[in-house]
Amino acid sequence: THFKKICMQNKLKLLDASVRHLGTDINYVVLENIYNELKEKVDFFFQTPVTKIECLEDDNYRLHYGDTSADCRKCIVSVGRIGSKWMESVCKELNIPTKSNRVDIGVRVELPAVIFSDLTDELYESKIVYRTEKFEDNVRTFCMNPYGIVVNENTNGIVTVNGHSYEDPAQQTENTNFALLVAKHFSEPFKDSNGYGESIARLSNMLGGGVIVQRFGDLVRGRRSTVKRIEEGLVRPTLSATPGDLSLVLPKRILDGIMEMIYALDKIAPGTANDDTLLYGVEVKFYNMEVELNEHLESCHKGLYIIGDGSGVTHSLSHASASGVYVARHICENM
């Protein structure tokens, strides 16, 4: 409530969300345990892309992979955000209705962990939303990683930026990183929100050969960052990125929103708007076209379920995981 009040006084909204942090290192252990538990009962096929899902008679399905295929009565598709393009093609082929979704575009902010420690020590990950004065867009913090590292992410051959953190103190850093994202919803006639986000990410790759990094002070002064300026700054980058100018990449409306948000955050975490705060770009969250599903996450084809972020319905690791458990329980109850 203390932080909620401070946020409200500064035109920021702190969302209520209980978070259980595993850490990238512990997550690997959890996945390994799940695999060991299931490997005697389930056939796993790794590095085996499914090329096509075919609807057979009596609501049966045939999955084509490599030179082979498998038939099933229940089919659960869970491709994550990275499979959004493939999911679109499946929906087209099987005439599953979809509606255009959104794309989130922004930067990853990296600063000394002490600046955000009041928030992160108590809340770990704080989800804060700000409505910009200029364009009335929503800008939000996302995926906050106290004492974490900034990393590259490859989506369909385009290099974007992301971040994560470890549970093991030996792997922690002196920095905290988080994304600042502006959600863009498009109205008719434009439908390709992912294509829009992809084009912006390509621009960054064209200028920087990958991810671009810029000091906030350089961005405000309208100049590009250089290796020397970043080396002389107080923040040690945890990702080796190309110093450059994000204003040549991000549309004005999105960049203005991000800058407004940084000044707003500076009021609750003084030092956020320091010259040496690092901005990495671009971070893009691609969402699948929202697939039309019933309350059991089942498509218009009986027995074909679409779960996780690839469905365009869930938007986080925890929600995606919960959707899998939910569908599994539903199927078990009806067997």
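Computed from a prediction, not measured in an experiment: that's the story for all the values here. (Residues numbered from 1 in each chain as written. Predicted model: local features only at pLDDT ≥ 70, side-chain atom pairs only at ≥ 80, totals over all residues. Heavy atoms only, no water.)

A. Local environment of the sheet that holds strand 3 (residues 61-65). Read across the open sheet, the three strands follow the order 2-3-4; overall the sheet is antiparallel. Two strands in the sheet have a free side with no partner beyond their single neighbour: strand 2 (50-55) and strand 4 (68-72). Direction aside, neighbouring strands of the sheet carry axes that sit 20° apart on average. Strand direction decides the pairing type here: strand 3 and strand 4, joined by five bridges, are antiparallel. In the sheet register, arginine 62 faces strand 4, and the bridge partner there is aspartate 71. (Pairing = 2+ DSSP bridges. Helix = DSSP H or I, 4+ residues; strand = E, 2+ residues; numbered from the N terminus. Axes fitted to C-alpha atoms, helices over the stretch in contact; angles between N-to-C directions.)

B. Seen up close, the nonpolar core. Counting residues in hydrophobic clusters, the biggest one holds 43 residues, and the most contacted among them are Leu12, Phe116, Leu180, Leu250 and Leu265. In terms of residue count, helix 8 (residues 252-268) provides more of this core than any other element does, nine residues in total. By size, the runner-up hydrophobic cluster in this structure holds 13 residues, among which are Cys75, Val77, Met87 and Leu94. (Core = buried A, V, L, I, M, F, W, Y, C linked by side-chain atoms within 4.5 Å. Buried < 20%, exposed > 50% of the residue type's maximum accessible area, 1.4 Å probe, protein only.)

C. Region of interest: the packing of aromatic side chains. Tallied over the entire structure, the rule returns eight aromatic pairs. Aromatic side chains phenylalanine 186 and phenylalanine 190 sit 4.9 Å apart centroid to centroid with 70° between the ring planes, which places their arrangement in the edge-to-face category. Judged by relative accessible area, phenylalanine 186 falls into the partly exposed class, the value being 25%. Exposure remark for phenylalanine 190: the relative accessible area of 36% places this residue in the partly exposed category. These aromatic residues form a ring-pair network of at least three members: Tyr35, Phe44 and Phe46. (Phe/Tyr/Trp six-rings, centres within 6.5 Å; stacked < 30°, edge-to-face > 60°.)

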